[in-house]
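Here is how the chains run, residue by residue.
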Amino acid sequence: MRVLVLGATGYIGSRLVPHLLERGHDVAAASSSVPRPDRFGWDDRVRAIRCDVTDALDVAAALEGADAVVYLVHSLDRSDFTDRDRVGAETVAAAVAAGGLRRLVYLSGLVPDVPEAELSAHLASRLEVERILLGACEGAVALRAGVVIGAGSTSFEIVRQIATLFLVQPVPTWMHRTVQPVAVSDVLRAITDGLADDGPRGAVDVGGPDVVAYPDLLRIIGGGAGLARLRVPAPVAPTGLVGLGAALVTTAPFHTVTALVESLHHDMVCRRGHTWEPRDGSPLLGVEEAVERALAPRYAGPEGSLASDPAWARPLPLLDVLPVPASARAVTRLALHRVRSVLPGG
């Protein structure tokens, strides 16, 4: 199958391209700037192209000759992500419908069981994009995933930094919600299943076998790093203040952190009867094993880090074990990342 991957240079895309190649697909890797195959370790079987999903001419050219498209584009690092993601989805959906493509797979986010008016801007945008893309063709599927476990994953790295940064971790009472993390290797399998003729269709949830509370996820990640941390309840902690604090002390993009924190008010678990099950029947990876792989320095599987992962996601292990005040470690961490970003190869 000839598969166009839109957003191929992102976290999922950089791992999906070789995954699809290994399974015999012909892959075109597209992003807003022409990808450099050598940066990602792709071989000459990959056709690297530029495609701005908000540009109809770019999209039409990228889709030419494709049988299926995987849509991995999100703009959470921008303040105008809602508008941009809507335009991108509408542009691609129109081109897919006009071109008669057989399959479209969109990696969406888990949607909590609450009235839509209560959804965060991030989740509401994901749901809007999902609906637009599902209308593009009969073979469309939206795979809804929550926290994706793997080194370099935005959601995992934000939680990892919070779990390892503070010696004492205030936990707002509203954060005692449950989440169903999923290993990135299982996300890749779900996308591959979505491309199959007999694969899932419509909105399908993707989650691992374990459902845990956010504080327990912090404990698992901190424990996996061999770090002891004290978590204390924080009864009064407005979402906006928590989001701002998390954005200031982690190295992830500011708008990404604040948008994700807004989503922590609800249980983020899969719906019964609407959950993806692997077509090959093999088991899903548990959260503790997935975290262990993600934290292993030289793990070569999808959960391991890649040289192409963003600089902000690269761990600074020395700071995670030094017994210094959290505020000093946060300032030092940010300073080191900024210095490293201006160095050659940073």
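Provided above is the structure to which this section pertains.
Residues numbered from 1 in each chain as written. Predicted model: local features only at pLDDT ≥ 70, side-chain atom pairs only at ≥ 80, totals over all residues. Heavy atoms only, no water.

J.: Lay out the nonpolar core with the relevant residues and their values.
T.: With 33 residues, the main nonpolar core has Ile 12, Leu 143 and Ile 191 as its most contacted residues. Of all the secondary structure elements, the ones that give two or more residues to this core are strand S1 (2–6), helix H1 (11–22), strand S2 (26–31), strand S4 (68–71), strand S5 (103–109), strand S6 (140–145), helix H7 (184–195) and strand S11 (202–206). One finds Ala 95, Val 129, Leu 133 and Ala 136 within the second-largest nonpolar core, a separate group that totals 28 residues. (Core = buried A, V, L, I, M, F, W, Y, C linked by side-chain atoms within 4.5 Å. Buried < 20%, exposed > 50% of the residue type's maximum accessible area, 1.4 Å probe, protein only. Helix = DSSP H or I, 4+ residues; strand = E, 2+ residues; numbered from the N terminus.)

J.: Explain the side chain of Arg 15 residue by residue, including any values.
T.: By secondary structure assignment, the location of Arg 15 is in helix H1. Looking at Arg 15, its side chain comes within polar contact range of the main-chain oxygen of Pro 302, at 2.9 Å. From its side chain, Arg 15 meets the backbone oxygen of Gly 304 in a polar contact 3.0 Å long. Those residues in contact with Arg 15, other than ones at most four positions away along the chain, are Ala 151, Val 184, Leu 188, Pro 302, Gly 304, Ser 305, Leu 306 and Asp 309. (Polar contact = N/O pair within 3.5 Å; in protein donor to acceptor, adjacent residues only side chain to side chain. Contact = heavy atoms within 4.5 Å.)

J.: Give a detailed account of the pattern of salt bridges, specifying residues and quantitative values.
T.: The final tally for this structure, using the stated rule, is 21 salt bridges. The partner of Arg 36 in a salt bridge is Asp 38, and the shortest N-O contact between them spans 3.3 Å. Owing to a relative accessible area of 57%, Asp 38 belongs among the exposed residues under this scheme. A salt bridge links Asp 186 to Arg 189, with the shortest nitrogen-to-oxygen separation between them at 2.6 Å. Residue Asp 186 and its partner Arg 189 are both found in helix H7; the two are separated by 3 residues, about one turn of the helix. One network of salt bridges, in which partners are shared, links Asp 83, Arg 86 and Glu 128. (Salt bridge = Lys/Arg side-chain N within 4 Å of Asp/Glu carboxyl O.)

J.: Describe in detail the packing of aromatic side chains, supporting the description with residues and values.
T.: Counting across every chain of the model gives 2 aromatic pairs. Seen in terms of ring centroids, Phe 40 and Trp 42 are 4.7 Å apart; in terms of plane orientation they differ by 15°. Their pairing is stacked. We classify Trp 42 as buried; its relative accessible area is 7%. Here Tyr 71 and Tyr 106 contribute two aromatic rings whose centre-to-centre distance is 5.8 Å and whose plane-to-plane angle is 65°, an arrangement assigned as edge-to-face. (Phe/Tyr/Trp six-rings, centres within 6.5 Å; stacked < 30°, edge-to-face > 60°.)

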